[in-house]
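Notes for the structure review
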Amino acid sequence: EAGVTQFPSHSVIEKGQTVTLRCDPISGHDNLYWYRRVMGKEIKFLLHFVKESKQDESGMPNNRFLAERTGGTYSTLKVQPAELEDSGVYFCASSQPGHGFTDTQYFGPGTRLTVL
Amino acid sequence: AQTVTQSQPEMSVQEAETVTLSCTYDTSENNYYLFWYKQPPSRQMILVIRQEAYKQQNATENRFSVNFQKAAKSFSLKISDSQLGDTAMYFCAFIFAGNNRKLIWGLGTSLAVNP
């Protein structure tokens, strides 16, 4: 079974440009999460999809970030326009609800975004 | 506020020896789950071990075990018989039971296993 995949693995863009990150969850996983790790800081939650619906987007930094999950399969995270502080590693995770306890999140390799 | 503290930014251990990584957390919730994840240099985040807060018995997974002290809000990870492949960044995290499924993370501990 394929794990969570993310594309690209690394992106370098100029300030003001647009970048779109993609995440393909484990097949059949309804839950999809985006997290971000800025250098020197904790990994922070961005948002959570249940199928195609946004369950929780309380961690999204501002309206320059747009996440979608059309059809409840893969997800994209677009940053437009990118700012210097958006640099970091963006992780995607997916999970499937278990029975009696919370589900375990499985992570992709991350996309390292560098904004110059 | 819910926080996770990993007080050891870097650690090293000799191959075959035992090492303990510390983690403390702060929450007013009673039902939650604790995790240790590792991220090797190849960058894929991997689940190491998980612990349900309502269970008193410490979780173990082969060479990995935890010392969970709920009253002290402590969740340390012990790695026995360290191997070179254990070299990685280790993250402690927790999540509340129920619908709020966001993981709350520590800063991580970079562990180097030396030959």
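Above this note sits the structure.
Attention here is on the structure that accompanies the text. Within each chain, residue numbers correspond to sequence positions counted from 1 in written order. Ligands are numbered from 1 and chains lettered from A, in the order in which they are written. Thresholds applied to this predicted model are a pLDDT of at least 70 for local features of residues and 80 or more for the giving and counting of side-chain atom pairs; totals over whole chains, interfaces and linings are not thresholded and use all residues. Note: side-chain values were computed over all heavy atoms of the structure, leaving out hydrogens and water.

Along the backbone of chain A there are zero helices and eleven strands. The way it works is that DSSP assigns letters per residue, a run of H or I at least four long becomes a helix, a run of E at least two long becomes a strand, and they are numbered from the N terminus. Starting at the N terminus and ending at the C terminus, chain A contains elements arranged as β-β-β-β-β-β-β-β-β-β-β. We compute the radius of gyration over the C-alpha atoms and compare it with the globule rule, which gives 2.2 Å times the number of residues raised to the power 0.38. Rg of the C-alpha trace for chain A: 14 Å, near the compact-globule value of 13 Å for 116 residues, within the 12% margin. Taken along its principal axes, the extent of the C-alpha atoms in chain A is 45 × 25 × 20 Å. Accessibility here uses a 1.4 Å probe with only protein chains present; expressed as a share of the type maximum, an area under 20% marks a residue as buried, one over 50% as exposed, and anything in between as partly exposed. The burial tally for chain A puts 47% of its 116 residues in the buried class. Counting contacts in chain A only where the partners sit at least 6 residues apart, residues at least 24 apart contribute 52% of the total. If you sum the accessible surface of chain A, you get close to 5600 Å²; carbon and sulfur atoms cover 50% of it. By the counting rule applied here, Lys and Arg register as positive and Asp and Glu as negative, while His and the ends of each chain are not counted. By convention, the point assigned to a charge is CZ for Arg, NZ for Lys, CD for Glu and CG for Asp. For chain A, the separation between the mean place of its 12 positive charges and that of its 13 negative charges on side chains is 4 Å. Throughout, a residue-residue contact means that at least one pair of heavy atoms, one from each residue, lies within 4.5 Å. For the accessible areas, the method is Shrake-Rupley and the probe is 1.4 Å, while residue cover comes only from the protein chains on display.

Our next topic: the nonpolar core. Residues belong to one nonpolar core when they are buried, are Ala, Val, Leu, Ile, Met, Phe, Trp, Tyr or Cys, and are joined through side-chain atoms within 4.5 Å. Among the nonpolar cores identified, the biggest contains 27 residues, and Tyr 25, Tyr 32, Trp 36, Phe 75, Leu 77, Tyr 90 and Phe 94 of chain B are the most heavily contacted of them. Where this core is concerned, the elements lending two or more residues are strand S3 (19-21), strand S5 (32-39), strand S6 (46-52), strand S8 (64-69), strand S9 (74-79), strand S10 (88-96) and strand S12 (109-114) of chain B. The greatest single-element share of this core, amounting to five residues, is contributed by S10 of chain B. Val 19, Leu 47, Phe 65 and Leu 77 of chain A belong to the second largest nonpolar core, which has 21 residues in total.

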